[in-house]
Amino acid sequence: MEPDRLKQIDLFAPMPDEALERYASMADETSIEEGEELARAGTWPYQLFAIEEGNVEIRRDGETLAKLGKGDVVGETGVVKRGLRNA
């Protein structure tokens, strides 16, 4: 992944170029189809997801908690706090 793409994500935008290059070298890309589940509550997080295009609904027990889109990140709480996913 190119570091300039990470700059388009709010979480990474303020980081210095050296850090962006390091994170970009570790990043993998994925695409999902509409309606496909990206992650499940109660599982161990080992990655976070940065949204470059499209939208993601955060749901728990059938209820929509949030809608995220371009520039947003999902899954960061579990990664940072090293606990189970909460949604």
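Residues numbered from 1 in each chain as written. Predicted model: local features only at pLDDT ≥ 70, side-chain atom pairs only at ≥ 80, totals over all residues. Heavy atoms only, no water.

Some points on the environment of Leu 48
- Along the polypeptide, Leu 48 turns up in the loop between helix H2 (17–26) and strand E1 (49–50).
- Each C-alpha atom of the pair Leu 48 and Ala 27 lies 9.9 Å from the other, and the pair is 21 residues apart in sequence. (Helix = DSSP H or I, 4+ residues; strand = E, 2+ residues; numbered from the N terminus.)

Quick look at the pairing of strand E2 (residues 56–60)
- As paired elements, E2 and strand E3 (residues 63–68) share five bridges and run antiparallel to each other. What sits directly across from Glu 57, in E3, is Lys 67. (Pairing = 2+ DSSP bridges.)

A few points about the pattern of salt bridges
- Overall, the coordinates contain four salt bridges when judged by the stated rule.
- The partner of Glu 52 in a salt bridge is Arg 5, with the nearest N and O atoms 2.6 Å apart. Remark: Arg 5 occurs in helix H1 (residues 3–6) and Glu 52 occurs in the loop between E1 and E2; sequence separation between them is 47 residues.
- The exposure class assigned to Glu 52 is partly exposed, which follows from its relative accessible area of 34%.
- Its salt-bridge partner being Arg 59, residue Glu 57 comes within 3.9 Å of it at the nearest N-O pair.
- By relative accessible area, Glu 57 is classed as partly exposed at 42%.
- Ionic contacts of the salt-bridge type, sharing partners, join the residues Arg 5, Glu 29 and Glu 52 into one network. (Salt bridge = Lys/Arg side-chain N within 4 Å of Asp/Glu carboxyl O. Buried < 20%, exposed > 50% of the residue type's maximum accessible area, 1.4 Å probe, protein only.)

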